[in-house]
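In case you want the letters, here they are:
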Amino acid sequence: MAFVDKYGPWALITGASAGIGAEFARQIAAKGVNVALVARRRERLEALGAELESEYGVRSLAIAADLCADDFLTTITEALGTRHVGLLVNNAGSGMTGEFLDHDLDAELQMLALNCRAPLVLAHHFGRRMRDDRRGGIIMLASVAGIVPTPMFANYSATKAWNRFLGEGLHEELARDGVDVVSLCPGLTQSEFFDHANVDPSNWPAPMRATIMSAEDVVKAALKGLGRHSQVVPGLSYRMLMRLSRLSPGSLTPWMIDRVMRLALPKSDNSR
């Protein structure tokens, strides 16, 4: 079955204004699927939508929505109207680096709402429609940090483990209904995430910088794995890391990551 027949006519992509989300929009539009772009920055969404309409001949819809708001689903469904979503990309997320106890609790709860509550609500709403149609797809944006516990990134790591488990569980649940679900677990990816998380990769050792992947390659791996795998880890170096982590004693991997993170983060975040 062609991609557009399986996952069209519309894809809903959260966090679509930049980075991995914008790249998902580009590659999905290139396959002939219309794109509903969700983020807070309407101007960016409209500019991206115009670009995709011109280049690929698809339709686009910009939906300005705060996914931390209690009623965000109403905002999205009212904007969609009768448009039929066959592919959901739960991409939006945020993260903070540094000592968990030094962070503002409200900010950590906001991260929980964006990274976990929003994709749960969206997967439940659109997943029901897909099950009724006996076709469709859901991509859950997890992370390698959701596979290996990550000190100095603790809450983010926990939210991504939640995304990973939800996606892999739904992969099995919905397979019999013709709905494909995959958990995407990228490692370091070039995007605005570094700025939001207060991370400057230019200060990192060369071997760490070499592991940073492009959003284009991450999205290619995700779309290739959709309908084939329950989990996708883009990049050979990250797949090797995952295998090594499984062979290491339980406490060793978090201990090593803690040391690496304290070296990589700004001094103000790892002064202890």
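Position numbers for residues start from 1 in each chain and track the written sequence from start to end. Where local features are concerned, this predicted model is filtered to residues with pLDDT of at least 70; where side-chain atom pairs are given and counted, the filter is 80 or more; whole-chain, interface and lining totals use all residues. The side-chain values count all of the structure's non-hydrogen atoms but skip hydrogen atoms and water molecules.

## Brief notes about the overall build of the protein chain
Each helix is a run of DSSP H or I of at least 4 residues and each strand a run of E of at least 2, with the numbering of both proceeding from the N terminus. When you go through the protein chain residue by residue, the secondary structure sums to 11 helices and seven strands. Looking at the protein chain as a whole, 50% of its 272 residues are labelled buried. Contact definition: two residues touch when any of their heavy atoms are within 4.5 Å. Here the analysis covers contacts within the protein chain between residues at least 6 apart in sequence; of these, 72% occur between residues at least 24 apart. Note that accessible areas follow from Shrake-Rupley with a 1.4 Å probe, and for residues the cover is restricted to the protein chains shown. In the form shown here, the protein chain has an accessible surface area of approximately 13,100 Å², with 53% of it arising from carbon and sulfur atoms. With a 1.4 Å probe rolled over the protein chains alone, any residue whose accessible area is under 20% of its type maximum counts as buried; one over 50% counts as exposed, and the rest are partly exposed.

## Details of the sheet that holds strand S6 (residues 180-184)
In this scheme, strands are said to pair when DSSP sees at least two bridges between them. Strand order across the open sheet formed by seven strands is S3-S2-S1-S4-S5-S6-S7, with parallel pairing between neighbours. Only two strands of the sheet have a single partner each, and these edge strands are strand S3 (60-64) and strand S7 (231-232). Bridge count between strand S4 (residues 85-90) and strand S5 (residues 137-141): four bridges; the pairing is parallel. Among the inter-strand pairings, Asn90 is bridged to a residue of S5, identified as Met140. Comment: axis = line fitted to C-alpha atoms, over the contacting stretch for helices; angle = value between 0 and 180 degrees taken between N-to-C directions. Relative to the sheet, helix H2 (residues 19-30) contacts strand S1 (10-14), strand S2 (34-39), S4, S5 and S6, its axis offset from that of S1 by approximately 170°.

## Considerations on the pattern of salt bridges
The term salt bridge refers to a pairing of a side-chain nitrogen on Lys or Arg with a carboxyl oxygen on Asp or Glu at a separation within 4 Å. For the structure on display, the rule yields six salt bridges. For the salt bridge of Asp177 with Arg134, the shortest nitrogen-to-oxygen distance reads 3.6 Å. With Asp177 in the loop between helix H6 (154-175) and S6 and Arg134 in the loop between helix H5 (105-133) and S5, this residue pair connects regions lying 43 residues apart in the sequence. Within the structure, one salt-bridge network assembled from shared partners comprises Glu23, Arg26 and Glu51.

## Observations regarding H2
For a helix, the expected span equals 1.5 Å multiplied by the residue count minus one. Here H2 spans 17 Å end to end across 12 residues, near enough to the 16 Å set by a 1.5 Å rise per residue. Among the 12 residues that make up H2, nine are buried, leaving the element largely enclosed by the rest of the structure. All of the buried residues along H2 are Ile20, Gly21, Ala22, Glu23, Phe24, Ala25, Gln27, Ile28 and Ala29. One or two residues past the end of H2 sits Gly32, with phi positive at roughly 90°.

## Thoughts on a nonpolar patch on the surface
On the surface, a nonpolar cluster with roughly 280 Å² of combined accessible area is contributed by Leu105, Leu109 and Leu112. Position of Leu109 among the secondary structure elements: in helix H5. For Leu109, a relative accessible area of 46% gives the class partly exposed. Put simply, a patch holds well-exposed residues, over 30% relative accessible area, that have no salt bridge, with like charges counted together within 9 Å and Val, Leu, Ile, Met, Phe, Trp or Tyr side chains within 5 Å.

## Comments concerning the environment of Asp5
The topology assignment puts Asp5 in helix H1 (residues 3-7). The exposure class of Asp5 is partly exposed, given its relative accessible area of 46%. For the pair formed by Asp5 and Gly86, sequence separation is 81 residues and the distance between their alpha carbons is 9.0 Å.

## Thoughts on the pairing of S4
For a regular strand, the rule is simple: side chains alternate between the two faces of the sheet. Across the six residues that make up S4, a large majority, six, are buried. Taken together, the four bridges between S1 and S4 define a ladder with parallel strand orientation. Bridge pairing links Ile13 to Val89 in S4. Tracing the backbone out of S4, into H5 and back to the parallel element S5 gives a crossover that is right-handed. When the strands point away from the viewer and the path from the first strand over the helix to the second turns clockwise, the crossover is right-handed.

## Observations concerning the packing of H5 against H6
Look at H5 against H6: their axes get within 9 Å of each other, and the N-to-C directions meet at 10°. Judged by the inter-axis angle, H5 sits roughly parallel to H6. Along its contact with H5, which presents Glu108, Met111, Leu112, Asn115, Cys116, Pro119, Leu120 and Ala123, the element H6 presents Asn155, Tyr156, Thr159, Lys160, Trp162, Asn163, Leu166 and Leu170. Here the term charged refers only to Asp, Glu, Lys and Arg, the term nonpolar to Ala, Val, Leu, Ile, Met, Phe, Trp, Tyr, Cys and Pro, and the term polar to all other amino acids, Gly among them. A breakdown of the residues in the contact of H5 with H6 according to their chemical character gives 10 nonpolar, four polar and two charged. Angular relationships are summarised with four words: roughly parallel below 35 degrees, roughly antiparallel beyond 145, roughly perpendicular across 65 to 115, and oblique for the angles in between.

## Observations concerning the side chain of Thr189
In this fold, Thr189 is placed in the loop between S6 and helix H7 (193-196). Pairs of N or O atoms are called polar contacts if they sit within 3.5 Å, as long as, within protein, a hydrogen donor faces a hydrogen acceptor (for residues adjacent in sequence, only side-chain-to-side-chain pairs). Polar contacts involving the side chain of Thr189 include one to the main-chain carbonyl oxygen of Gly187, which spans 3.1 Å.

## Focus on H5
Its 29 residues place the ends of H5 41 Å apart at the C-alpha level, agreeing with the 42 Å of an ideal helix rising 1.5 Å per residue. For a residue, the bend is simply the angle between two axes, fitted respectively to the seven-residue segment ending there and the seven-residue segment starting there. At Ala113, H5 is bent by approximately 30°, the largest bend along its length. Capping the start of H5 is the job of one residue whose side-chain oxygen sits 3.2 Å from the backbone nitrogen of Asp106: Asp104. Looking at the residues trailing H5, positive phi occurs at Arg134, about 60°.

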